[in-house]
Amino acid sequence: MTDVTLAELCIFACSEAFRNNGEIIATGVGPVPRLGASLAKLTHSPELMMTDGEAYLVEQPVPIGPRAYEDRKAAGHLPFSRFFDSAVWTGRRHAMVTPTQLDRFGQINLSYLGGTYDKPKTQMLGVRGFPGNTIYHPNSFFFPLHSARTFVSSEVDMVSGVGYNPAKRVPGGNYSGVDLRAIVTNLCVMDFGGKDNAIRVVSLHPGVTFDEVQEATGFPLEKGNIVETPLPGAEALAIIASLDPHNIRASVIKDNPPARRA
Amino acid sequence: MKVSEMKTVTLDKRMSARDIVSSMRDGMTVGIGGWGPRRKPMALVREILRSDLKDLTVVAYGGADVGMLCAAGKVKKLVFAFVSLDAIPLEPWFRKARETGQIEVLELDEGMFQWGLKAAAFGLPFLPTRVGLGTDLAELGGLKTVQSPYEDAETLVAMPALKLDVALIHANRSDWRGNVHLFGPDSYYDEWFAKAAAKTYVSCEELVDRMEDHYPDQAHYNVFERCFVSGVVHMPCGAHPSSMPPAYGWDMKAFKAYGDAAREPGDWSAVADRFVGATEEAYLESIGGKEAVAALPLPIF
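Only a predicted model underlies this, so the values are computations on that prediction, with no experimental measurement involved.

Asker: What should I look at first to understand the overall build of chain A in this one?
Answerer: Looking only at helices and strands, one finds six helices and 14 strands in chain A. The globule rule puts the C-alpha radius of gyration for 262 residues at 18 Å, and the 18 Å found for chain A is close to it. Considered along the principal axes of its C-alpha atoms, chain A spans approximately 50 × 45 × 35 Å. Among the 262 residues that make up chain A, the fraction classed as buried is 58%. If you take every contact in chain A between residues at least 6 apart in sequence, the share linking residues at least 24 apart comes to 64%. Looking at chain A as shown, the accessible area adds up to about 10,800 Å², and 52% of this sits on carbon and sulfur atoms.

Here it is, written out as structure tokens:
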């Protein structure tokens, strides 16, 4: 058997975030989160719902990369035209995404970097659905390059997603749906289980130290009961390979390193 | 003689693209249907680009429609949640307009956006939502809050109605009276653009005189009713370079050339002719005609 790659370890870690979520839409944006959600559905959590990325609900997760258009088999229909009514605003979704910035409160930014609202220095996508996603349903994150440029030392430049920042909470608002779960990176897995939802490290990938993670993070991290991030077994690896026949996962993390450092 | 065989008076909402654009005024608020690089009324957008129309407030789930209108200096203000071409995530011409401070914006969450269209459709000043609380959206966009008058007394964002003077939509099929059929896998929020607008103009791939004579068994494709349609125009390939499922996919090669032009030469006036054309016929010819568009594969996600 070939060595397990770090990307495959991350996919396996992402899949754990979707365990015991119930009958909700699992949305993984990008190859690693999407493969993680698909792996979860095919192994421990068949109740998960997911789309083909377009408008159809599928019970067999759709492999990523080039394929025939008709390859996906639709079991249900969830177009954008119903997405807020059915998935987002009812809280029946868990999204795993990769914002440009994330701060110590779990606030995220996808809109712009630097400058002002009227004249940003670097325009990005726009807030998309982040404000609604983060106030209504669980969210997790994946970052292929753990760095202080992403995990910023101050607050994010434009708060596009709700975090646990008390200063941002308009009195009388209902924040009961705010539920930030896992942060999977190329170095570790973190959650929001620290004091007042502070971010803490809960597992380190093989060979990674806490100090190394802290060094690559712009704000102080708490320590959970840190374990070594588990490696996927043969069955999980086979499923991952079948869901990613073009090996797109090899291009996600720089130089596609092995899960265990040499 | 049966009524159906008698020659009776019928509605006819057919217009030319030029008539549609001529009916619009500087400073209007224009909603554009579709989603990112999907089923955009690009032929009507190109007709705006060929006109003198200016100072528009554009309301859209943005793709190249927004990028082109920004690049050509047609946009005074943009109401948006994103502007993206999917495989080219950051729309290059939109980015340029933003980074030079050329346009005013109201940035919204995708869900709030459709909520604002619904408020306009129902004639309400606003609709309440939790979305926006805890983010910078409300403060930056000047959105106000309201308090529930009931026991819960919850504080909510009052999403203002996004009232449109005009909505532009590209449909698979229509008849002369504006009975529209949308038969892709997703109608996005076109229905609500149509209902939020004082006037909605629909371009279509196929135009028939009387829908019931041609497709009487397909009425479930009529996503919104013809009272929300003011004019129709037959514009085959009218979504190009965006996608028009199931007829054709998006033209990523065309998007790439368009995106590259934002860097080099970086000047819209130097390339507008390439991406807009003097006429729609000339544009279609320049991209290889209807056959080339029909051959574009549907995108894989």
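Picking up after the structure, the text goes on.
Asker: Is there a simple way to explain the packing of helix 4 (residues 92-99) of chain B against helix 9 (residues 252-263) of chain B in this structure?
Answerer: A pair of packed helices can be characterised by two numbers: the angle between their axes and the separation between those axes. Residues and elements named next belong to chain B. Taken N-terminus to C-terminus, the directions of helix 4 and helix 9 make an angle of 30°; their axes are 8 Å apart at the nearest point. Accordingly, the angle class assigned to the pair helix 4 and helix 9 is roughly parallel. Between helix 4 and helix 9, the residues in contact are Pro92, Trp93 and Lys96 and Tyr258, Gly259, Ala261 and Ala262, respectively.

Asker: Could you clarify how one ought to interpret the environment of B:Pro241 in this entry?
Answerer: Residues and elements named next belong to chain B. Residue placement: Pro241 occurs in the loop between strand 11 (231-234) and helix 9. On the basis of relative accessible area, Pro241 is assigned to the buried category, the value being 4%. With 14 residues separating them in the primary sequence, Pro241 and Phe255 have C-alpha atoms 6.9 Å apart. Dropping the residues within four chain positions of it, Pro241 is found in contact with Met42, Arg46, Trp250, Asp251, Ala254, Phe255 and Tyr283.

Asker: Explain helix 5 (residues 110-121) of chain B here, please?
Answerer: All names here are of chain B. The terminal C-alpha atoms of helix 5 lie 17 Å apart, and with twelve residues this matches the ideal 16 Å at 1.5 Å per residue to within 8%. Counting buried positions over the twelve residues of helix 5 gives ten, a clear majority of the element. When helix 5 is considered as a whole, its buried residues turn out to be Glu110, Gly111, Met112, Phe113, Gln114, Gly116, Leu117, Lys118, Ala119 and Ala120. Measuring from the backbone nitrogen of Gly111 back to the side-chain oxygen at the start of helix 5 gives 2.6 Å, which picks out Asp109 as the cap. Gly123 lies just past helix 5 and shows a positive phi near 70°.

Asker: It is not clear to me how the interface of chain B and chain A should be interpreted in this structure. Could you clarify?
Answerer: When the parts of a complex come together, some accessible area is lost, and that lost area is often used as the size of the interface. Each side of the interface is counted separately: chain B has 51 residues, and chain A has 53 residues. Taken together, both faces of the contact between chain B and chain A bury some 4,300 Å²; the carbon and sulfur share is 56%. Here chain B is connected to chain A by two salt bridges. When the shortest N-O distance is used, the salt bridge between B:Asp136 and A:Lys168 registers 2.3 Å.

Asker: I'm lost on the sheet that holds strand 12 (residues 188-191) of chain A in this one. Help?
Answerer: Note: strands within a sheet are paired through backbone hydrogen bonds, in either parallel or antiparallel orientation. Residue and element names in this part refer to chain A. In space, the seven strands of this open sheet follow the order 1-5-10-11-12-13-14, with mixed pairing throughout. Single-partner strands in this sheet number two, and they are strand 1 (25-28) and strand 14 (222-228). Recorded for the sheet is a direction-independent mean angle of 15° between the axes of neighbouring strands. Taken together, the three bridges between strand 11 (residues 180-185) and strand 12 define a ladder with antiparallel strand orientation. Along strand 12, the bridge assignment pairs Ala182 with Asp191. Across the sheet, helix 1 (residues 6-17) is in contact with strand 5 (93-97), strand 10 (139-143), strand 11 and strand 12; its angle to strand 11 comes to roughly 175°. Seen against the sheet, helix 2 (residues 31-42) touches strand 1, strand 5 and strand 10 and runs at an angle of roughly 150° to strand 1.

Asker: For this particular structure, what's the right way to read helix 10 (residues 268-276) of chain B?
Answerer: Because an α-helix packs 3.6 residues into every turn, residues spaced three or four apart end up facing the same way. Residues and elements named next belong to chain B. Buried within helix 10 are the following residues: Trp268, Val271, Ala272, Phe275 and Val276. Projection of helix 10 onto a plane perpendicular to its axis shows the buried side chains occupying an angular sector of 135°, all on one side. Seen from the open side of helix 10, the exposed residues pointing more than 90 degrees away from its buried face are Ala270, Asp273 and Arg274. At its buried positions, helix 10 is contacted by helix 2 (42-49), helix 3 (64-71), helix 4, helix 9 and helix 11 (280-286).

Asker: I tried to follow the pairing of strand 10 of chain A on my own but got confused; where do I start?
Answerer: Side-chain direction in a regular strand flips from residue to residue, so the side chains alternate between the two faces of the sheet. Residues and elements named next belong to chain A. By the criterion of burial, strand 10 is predominantly enclosed, with five of the five residues buried. Both faces of strand 10 are covered, namely the face carrying Asn139, Phe141 and Phe143 and the face carrying Ser140 and Phe142. Across three bridges, strand 5 lies against strand 10 in parallel orientation. Across the sheet, residue Met96 finds its bridge partner in strand 10, namely Ser140. Relative to strand 11, strand 10 runs parallel, the two sharing four bridges. The residue of strand 11 that forms the bridge with Phe141 is Ile183.

Scoring rules and cut-offs
- Residues numbered from 1 in each chain as written.
- Chains lettered and ligands numbered in written order.
- Predicted model: local features only at pLDDT ≥ 70, side-chain atom pairs only at ≥ 80, totals over all residues.
- Heavy atoms only, no water.
- Helix = DSSP H or I, 4+ residues; strand = E, 2+ residues; numbered from the N terminus.
- Rg over C-alpha atoms; globule rule 2.2 N^0.38 Å.
- Buried < 20%, exposed > 50% of the residue type's maximum accessible area, 1.4 Å probe, protein only.
- Contact = heavy atoms within 4.5 Å.
- Areas by Shrake-Rupley, 256 points an atom, 1.4 Å probe, with all protein chains shown as cover.
- Axes fitted to C-alpha atoms, helices over the stretch in contact; angles between N-to-C directions.
- Parallel < 35°, antiparallel > 145°, perpendicular 65-115°, else oblique.
- Expected span 1.5 Å × (residues − 1).
- Polar contact = N/O pair within 3.5 Å; in protein donor to acceptor, adjacent residues only side chain to side chain.
- Buried area = accessible area lost by both parts, 1.4 Å probe.
- Salt bridge = Lys/Arg side-chain N within 4 Å of Asp/Glu carboxyl O.
- Pairing = 2+ DSSP bridges.
- Arc of directions from axis to C-beta.

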